[in-house]
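Observations on the three-dimensional arrangement
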Amino acid sequence: MDRFGSVVATSVSVLLVEAVIGIIAAYVWDQTQETPPLPYNALGLVLMVIAAPFVAAAGGALCAFLAVGVVVPVLTAAAWLGRRLSGREAWWWVPVTAAAAALPAAPALVLLTEAGIAAGLAGWVTATTALTAPALVARRLLLPDRPRLSGRTMVGRVSLYGTLAAVTAFALAGVALFAGVAYEPPWFNPAQLAGTYSDGKGGTLTLTRDGAAVATRIDTFDFEAVDSFDPVVRECTGVGTWSFSPVDGPHSQQVDVSVDACPVDMDSWSLYGTRESPKLFVFVGDPDSWDLYTLRRE
């Protein structure tokens, strides 16, 4: 394996390790976010297993593209800058060059996702770190004053230590989730749930402390009118009652709303959010599709 091939192979192996650890970290972070309790989707799990080899192949191809198109140029630019500006190559030129290469990630993240400046800076730091690690590891193959290593040896080392790092990250993620870092809806009581909820499209549902409910253009979903998971949507406007059902746990808390004037029974609404900003939701269509109709308290 020539030096270029060794650098590319080493960079790809480091990028793959980073991807695995990144997926674990992203999963834990996602579990900490305020989200409704979604049902277990067996079909989705089966499809995920079937798609895993294809996703892995696509991930390997993407890592190879990044190695050739970004990591190798970062190494080349860092070596050139070191010789040009300080008269010698130095490892710290690698993170400097990687930071410059990752700089477009910050405004792109802000513009494409409407994230804040802090999120853009976090994305830039993450991208810089993700580029610096494979570049520094691959740089070891290019040092003339160090014992020569083959690309195969370096890839083997990355695979060994990368596997240990991934297993450690997985174990830490399990400990964190077991310790309770994942989001869980708070326990509500009827007094906390009273107020006006909006669907953001002009529909509102007002729940009063005395158990009265006032619906104004709230969507209801008629599944019996059609033979599919796409229901007929009808608006509900009227006055009725509501009650709170804590059931067995925070994820199973429900608000039962009954409005006689509605063309379709409004049934039960599940809860999530915070005590200060509770949210009501119902599943629309097939529960496995995770489509929700959500009302947020104003």
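Residues numbered from 1 in each chain as written. Predicted model: local features only at pLDDT ≥ 70, side-chain atom pairs only at ≥ 80, totals over all residues. Heavy atoms only, no water.

**Things to note about the state of the cysteines**
Scanning the model with the defined rule gives 1 disulfide in all. Sulfur-sulfur distance for the disulfide between Cys236 and Cys262 comes to 1.6 Å. Pair noted here: Cys236 is in strand S4 (residues 232-245) and Cys262 is in the loop between strand S5 (254-259) and strand S6 (268-273), with a separation of 26 residues, a long-range link. Summarising the burial analysis for this pair, Cys236 and Cys262 share the class buried. (Disulfide = S-S within 2.5 Å. Helix = DSSP H or I, 4+ residues; strand = E, 2+ residues; numbered from the N terminus. Buried < 20%, exposed > 50% of the residue type's maximum accessible area, 1.4 Å probe, protein only.)

**Structural notes on the packing of aromatic side chains**
In the structure shown here, the tally under the stated rule is 4 aromatic pairs. Both rings, one in Phe281 and one in Phe283, keep their centres 5.6 Å apart while their planes meet at 90°; by these two values the pair is edge-to-face. By relative accessible area, which is 26% here, Phe283 ends up partly exposed. Through a chain of ring-to-ring contacts, three or more aromatic side chains come together here, namely Tyr272, Phe281 and Phe283. (Phe/Tyr/Trp six-rings, centres within 6.5 Å; stacked < 30°, edge-to-face > 60°.)

**Structural notes on the sheet that holds S6**
The strand order around the closed barrel built from 8 strands is S1-S2-S3-S4-S5-S6-S7-S8, with neighbouring strands paired in antiparallel fashion. For this sheet the average axis-to-axis angle between neighbouring strands, irrespective of direction, equals 40°. Bridge count between S6 and strand S7 (residues 278-283): 4 bridges; the pairing is antiparallel. Directly across from Ser270, in S7, lies its bridge partner Phe281. (Pairing = 2+ DSSP bridges. Axes fitted to C-alpha atoms, helices over the stretch in contact; angles between N-to-C directions.)

**Structural notes on the side chain of Thr132**
Residue placement: Thr132 occurs in helix H5 (residues 117-139). Apart from the residues within four sequence positions on either side, Thr132 is in contact with Val94, Pro95 and Ala98. (Contact = heavy atoms within 4.5 Å.)

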